[in-house]
Amino acid sequence: MITPPDRTPLPREFLDRPVLEVAPDLLGRLLVRTTPDGPIVTRLTEVEAYDGPNDPGSHAFRGRTARNGVMFGPPGHAYVYFTYGMWHCMNLVCGPEGQASGVLLRAGEIVEGAELARERRLSARNDKELAKGPARLATAMDIDRSLDGTDVCGPEAAPLHLLTGTPVPADQVCNGPRTGVSGDGGVHPWRYWVDGDPTVSPYRPHVPRRRSR
């Protein structure tokens, strides 16, 4: 008999820890997006840790800006950014306050509200691809900059919140280099994923962008 996932809200203390502790512990947790049409629930299967001022790959490495301000606030909030002029991606801010560390949500399995996610991800060939990648996850769950700063440890009626789910055993967690991170930040093995899960996105190393002449 399969035990259903725990739908108890995760307390703020869960995220008020060093980012390298939080990131692998997020695997198997549930992210809930409340919409007027119903909830979309994703079981997290792939994440990346970004360690703020200690990490050249982090948006916060060079200090606070209008774009990354949420990362410097208290833990338990969503940091949503727009990238390449096309896509949104979502991070969860970790503690302590002021350190600006966060976890990028790279992929997940839509376990509830798949019909709503399909409407937003018409190019997905099957449900395993609905949230297979950080931009796909945000698109499938209707996450954009309007949700930047949302308290994911707030009431369950909030637009975004985290549930306990079913933590992934340590022997089923893999880690390796982060996807597409350049320079010194590219050497850290801070990408974590569920071994063998079909919703995990493929690894791609950083490829320098060519400047147009």
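Cut-offs and rules
- Residues numbered from 1 in each chain as written.
- Predicted model: local features only at pLDDT ≥ 70, side-chain atom pairs only at ≥ 80, totals over all residues.
- Heavy atoms only, no water.
- Phe/Tyr/Trp six-rings, centres within 6.5 Å; stacked < 30°, edge-to-face > 60°.
- Lys NZ or Arg CZ within 6 Å of the ring centre and 35° of its normal.
- Helix = DSSP H or I, 4+ residues; strand = E, 2+ residues; numbered from the N terminus.
- Contact = heavy atoms within 4.5 Å.
- Polar contact = N/O pair within 3.5 Å; in protein donor to acceptor, adjacent residues only side chain to side chain.
- Buried < 20%, exposed > 50% of the residue type's maximum accessible area, 1.4 Å probe, protein only.
- Pairing = 2+ DSSP bridges.
- Salt bridge = Lys/Arg side-chain N within 4 Å of Asp/Glu carboxyl O.
- Patch = residues over 30% accessible without salt bridge, like charges linked within 9 Å, V, L, I, M, F, W, Y side chains within 5 Å.
- Areas by Shrake-Rupley, 256 points an atom, 1.4 Å probe, with all protein chains shown as cover.

S.K.: I keep staring at the packing of aromatic side chains and nothing clicks. Help me out?
M.R.: Note on aromatic pairs: each is described by the distance of the centres and the angle between the planes. Tallied over the entire structure, the rule returns one aromatic pair. Against the face of Trp193 rests Arg191, its NZ or CZ located 4.2 Å from the ring centre.

S.K.: I would appreciate a short explanation of the environment of Asp197 in the present structure.
M.R.: Structurally, Asp197 is set in the segment after strand E9 (191-194). Distance from Asp197 to Glu109, taken between C-alpha atoms, is 9.1 Å for residues 88 residues apart in sequence. Every residue in contact with Asp197, bar those within four places of it in the chain, is listed here: Arg43 and Thr45. Within the structure, the side chain of Asp197 is placed 2.6 Å from the side chain of Thr199, a separation counted as a polar contact.

S.K.: Would you mind going over the pairing of E9 with me for this structure?
M.R.: The side chains of a regular strand alternate between the sheet's two faces. Residues Arg191 and Trp193 point to one face of E9 and Tyr192 and Val194 to the other, with burial holding for every one of them. Pairing of strand E3 (residues 38-50) with E9, which is carried by three bridges, proceeds in the antiparallel orientation. If you follow Val47 over to E9, its bridge partner there is Tyr192.

S.K.: Could you clarify how one ought to interpret the pattern of salt bridges in this entry?
M.R.: Side-chain pairing between opposite charges can occur once the charged atoms of the two side chains come close. Under the definition given, this model contains 15 salt bridges. Notably, a salt bridge pairs Arg43 with Asp197, separated by 3.0 Å at the nearest N-O pair. In this pair, Arg43 sits in strand E3 while Asp197 sits in the segment after E9, placing the two residues 154 residues apart along the sequence.

S.K.: When you look at unusual backbone geometry in this model, what are you seeing that I'm missing?
M.R.: Across the chain, the bulk of peptide bonds are trans and the bulk of non-glycine residues have phi less than zero. In this model, Gly95 is joined to Pro96 through a cis peptide bond whose omega is -5°. You can see Pro96 is positioned in the loop between strand E5 (87-94) and strand E6 (101-112). The phi torsion at Ala100 lies on the positive side, around 65°, for a residue other than glycine. Structurally, Ala100 can be placed in the loop between E5 and E6. Unlike most non-glycine residues, Asp142 shows phi in positive territory, near 60°. Checked against the element boundaries, Asp142 lands in the loop between helix H4 (134-140) and strand E7 (160-165).

S.K.: Would you explain a nonpolar patch on the surface in this entry?
M.R.: Residues Tyr84, Met86 and Trp87 make up a contiguous nonpolar surface patch of roughly 380 Å² in combined accessible area. Looking at the secondary structure, you find Tyr84 in the loop between strand E4 (78-83) and E5. Taking the relative accessible area as the measure of exposure, Tyr84 reaches 58% and is therefore exposed.

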